[in-house]
Amino acid sequence: MGSEKEYRMIFEKSPLGIIYFDREGIVTLCNERSSAIIDKKKENIIGSDILSIFNDEQMVSAIRTVLSGTPVQYEGEYFPDKEGTSVQLEVHCNSDRSEEGLLMGGICIIEDITQRKGLEDTLMLEESRLEALLKLEQMTDVPMQEIADFVHEEAVRLTNSNIGYLAFLNEDESALMMHTWSNSVMKECTVTDRKLIYEVDKIGLWGEPIRQRRPVIINDYNAPDLLKKGYPEGHVELSNYMAVPIFEGDKIVATAGVSNKEGDYDASDVRQLTLLMQGLWRLVQRRESLEKLKKYAEDLEHSNELKELFTDIMRHDLLNPAGIVKGYAELLLEMEDDEKKHGMVQTIDRNNKKLIDMIENAARFAKLDTFEEIGFQEMDLALVIEGVIGNLRLNIEERQMVVEFDHEGTYPAKANPMVEDVFLNLLSNAIKYSPENERVIIDISDVGDEWKVSVTDFGEGVSDENKPELFERFKRVTKKGIKGTGLGLAIVKKIIDLHGGSVGVEDNPGGQGSVFWVTLRKWD
């Protein structure tokens, strides 16, 4: 048994606060940690009624429960004084009884979990933002106004604000074009002459993120400020304000602002708003890039008439009869009871689907083969891959597989939005060629001036003799029970070639299977 001195040392050095009180509720012992947590001197704690120390009704109720002989676990907010900063506490209290079972008092173990709660809240906020970005990445075909409204509402929510706005700038950054306001602003605002376009050099605080080229935070909007020019009569009252500029290279392309948060705005709010707006701008760029690619394809029509004609014939004249065969095959499968005939119709349906897949992939490859140059932009590969994983979620769940993709930070690459097809093909192949209940590992590594993206599967693998021709068109290693045309990896190689990168395949060093990899240049 340890000495009283050893017990006293453990008591005083404990990282947790410990308070002992008798059956009358009078504190008889407390350690230094409990004194620090509740911000009271030990001499002011010992001898005091424990119910007078805590000002939280739930805590008082918990202690009374302990004094009645029942153990209690409690988590809540503690205010050292009325104007002080609150502390989040986790408290475990139990009664102390004699050997005869008589209530002698109670003991409370107190832990300051303020930091832990803060980290939990931060993680929840980060997860919420990632969900918003993932949803944003999937809104490619949604009208621009709907996208802007979604981003705006998420910006207000993620920063715990009440109102906000989103605006774009013109080419020379001289004019700010208001794109969307909070609905509450529009309802409360009674300004008679509302404008949608503002000259940057004539607006007050709204223009500071553009003029200063950095985020601006005003946590007391009513305080005098030389930068303020006031707001017109009928404008919604503001208590605080934060705005961030969004850059494309060294040019500001958009700005977003939020107001009337209950607490103060800080660097965390700046980060949330900036990342969300950057996600919006990437989507805008992607849509513009797709439009440019579409126009480029149209411009090439006359210079490559034979190939375009062949593509059109495949798309229209071949897909139409294939679609009719598909419809009748599905109808016959429902009607036919004869097992032999049913099997024959299944064979027709399976091969027809393979034909449709081949036509689609051949058409896509033909279009890719006409490109000589494409436009590039900064794209975060992690964000692109997360979007692809989301798009293939049903396939992954159907085969009861797990896709592991551990990443930190951003991976800015010099890429075109068509690069999404690369990862879509690689991951789709890994899912098809792997056994059910298996995993696929995606990894991004830094290889100097390039990013290397690897997709590792645990399937049958690829023999050395077949690896050289794996990325050639209409070449596919035979895989029993797997449908395919051999064009998927040819499309991957063509897109990566257009990006000036490399492709390859290796044996899985961790066991059976393959590692398919591509490289893409980093954004300078």
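Here, every reference points to the structure presented above.
The following paragraphs examine the structure supplied in this document. (Residues numbered from 1 in each chain as written. Predicted model: local features only at pLDDT ≥ 70, side-chain atom pairs only at ≥ 80, totals over all residues. Heavy atoms only, no water.)

1. Here's the deal with helix H16 (residues 488–498)
What counts here: A 1.4 Å probe rolled over the protein chains alone gives each residue an accessible area, and that area as a share of the maximum for its type sets the label: buried under 20%, exposed over 50%, partly exposed in between. Comment: elements are numbered from the N terminus, with helices defined as DSSP H or I runs of at least four residues and strands as E runs of at least two.
The buried fraction of H16 is high, at nine of eleven residues. Restricting attention to buried positions, one finds in H16 the residues Gly-488, Leu-489, Ala-490, Ile-491, Val-492, Lys-494, Ile-495, Ile-496 and Leu-498. One or two positions beyond H16, positive phi appears at Gly-500, with a value near 75°.

2. Quick notes on the side chain of Glu-420
Here is the rule: Whenever a nitrogen or oxygen atom comes within 3.5 Å of another N or O atom, the pair is scored as a polar contact, on the condition that within protein one atom can donate a hydrogen and the other can accept it, and that pairs from neighbouring residues in sequence are kept only if both atoms are in side chains. Only heavy atoms enter the contact rule, under which two residues are in contact if any of them lie within 4.5 Å.
The residue Glu-420 is located in helix H15 (residues 420–432) in this model. A distance of 3.4 Å separates a polar atom in the side chain of Glu-420 from a polar atom in the side chain of Asn-391. Dropping the residues within four chain positions of it, Glu-420 is found in contact with Arg-286, Val-384, Val-388 and Asn-391.

3. Regarding the packing of helix H13 (residues 381–391) against H15
We count it as follows: Only C-alpha atoms enter the line fits that serve as axes; for helices the fit covers just the stretch in contact. Angles between N-to-C directions range over 0 to 180 degrees. Between 65 and 115 degrees an angle is taken as roughly perpendicular, under 35 as roughly parallel, over 145 as roughly antiparallel, and anywhere else as oblique. By definition, any crossing whose near helix is turned counterclockwise from its far helix by less than a right angle is left-handed, and any crossing with a clockwise turn is right-handed.
Axis separation between H13 and H15 bottoms out at 9 Å; the angle between their running directions is 50°. The angle between H13 and H15 falls in the class oblique. Taken as a pair, H13 and H15 cross one another with a handedness that is right-handed. Together, Leu-381, Val-384, Ile-385, Val-388, Ile-389 and Asn-391 of H13 and Glu-420, Phe-423, Leu-424 and Leu-427 of H15 make up the contact between the two elements.

4. As for the state of the cysteines
Rule in force here: The term disulfide is used for any two cysteine sulfur atoms that are within 2.5 Å.
By the definition in use, this model includes one disulfide. Here Cys-93 engages in a disulfide with Cys-108; their sulfurs sit 2.1 Å apart. Judged by the torsion about the S-S bond (110°), the Cys-93/Cys-108 disulfide is right-handed. In this pair, Cys-93 is assigned in strand E4 (residues 87–97) and Cys-108 in strand E5 (residues 103–112), connecting sequence segments 15 residues apart. The same class applies to Cys-93 and to Cys-108, which are both buried.

5. Examining the sheet that holds strand E15 (residues 439–447)
Short version of the rule: Two strands are counted as paired when DSSP detects at least two bridges linking them.
Read across the open sheet, the five strands follow the order E13-E15-E16-E18-E17; overall the sheet is mixed. Each edge of the open sheet carries a strand with a single partner, namely strand E13 (402–405) and strand E17 (503–507). Going from strand to strand, the sheet's axes swing by 20° on average, the running direction of each strand aside. Direction of pairing for E13 relative to E15: parallel, over a ladder of four bridges. Pairing of Glu-404 across the sheet is with Ile-441, part of E15. Strand contacts of H16: E17 and strand E18 (514–521), with the helix running at about 25° to E18, the strand carrying the most contacts.

6. Brief notes about the sheet that holds strand E1 (residues 17–22)
The five strands lie next to each other as E2-E1-E5-E4-E3, forming an open sheet whose pairing is antiparallel. Bordering the open sheet on either side are strand E2 (27–30) and strand E3 (72–78), each of which pairs with just one other strand. Neighbouring strand axes in the sheet, compared pairwise and without regard to direction, differ in orientation by 25° on average. Inspection of the sheet shows E1 paired to E5 by six bridges, in the antiparallel sense. If you follow Asp-22 over to E5, its bridge partner there is Gly-105. Lying over the sheet, helix H5 (residues 57–67) contacts E1, E3, E4 and E5, oriented at roughly 155° with respect to E3.

7. Focus: the nonpolar core
Our working definition: Within this scheme, the nonpolar core is defined by two criteria: the residues are buried Ala, Val, Leu, Ile, Met, Phe, Trp, Tyr or Cys, and they are joined through side-chain atoms within 4.5 Å.
Of all hydrophobic cores here, the largest spans 45 residues; its most connected members are Leu-381, Val-422, Phe-423, Leu-427, Ile-442 and Val-518. For Val-518, the contacting residues outside a window of four places in its chain are Val-422, Phe-423, Leu-426, Trp-451, Lys-452, Val-453, Val-492, Ile-496, Ser-502 and Val-503. Judged by nonpolar contacts, the second largest core, of 27 residues, contains Met-139, Phe-150, Ala-155 and Leu-158.

8. Examining the environment of Gln-512
Residue placement: Gln-512 occurs in the loop between E17 and E18. With a relative accessible area of 54%, Gln-512 lands in the exposed category. Those residues in contact with Gln-512 that sit more than four places away from it in its chain are Asp-457, Phe-458, Gly-459 and Glu-460. Polar contacts involving the side chain of Gln-512 include one to the main-chain carbonyl oxygen of Gly-459, which spans 3.4 Å.

9. Considering helix H7 (residues 144–158)
What counts here: Take the number of residues in a helix, subtract one, and multiply by 1.5 Å to get its expected span.
Here H7 is 15 residues long and its end C-alpha atoms lie 21 Å apart, about the 21 Å a rise of 1.5 Å per residue gives. If you check which residues of H7 are buried, you get Ile-147, Ala-148, Phe-150, Val-151, His-152, Glu-154, Ala-155, Val-156 and Leu-158. Residue Asn-160 follows H7 closely and has a positive phi angle near 55°.

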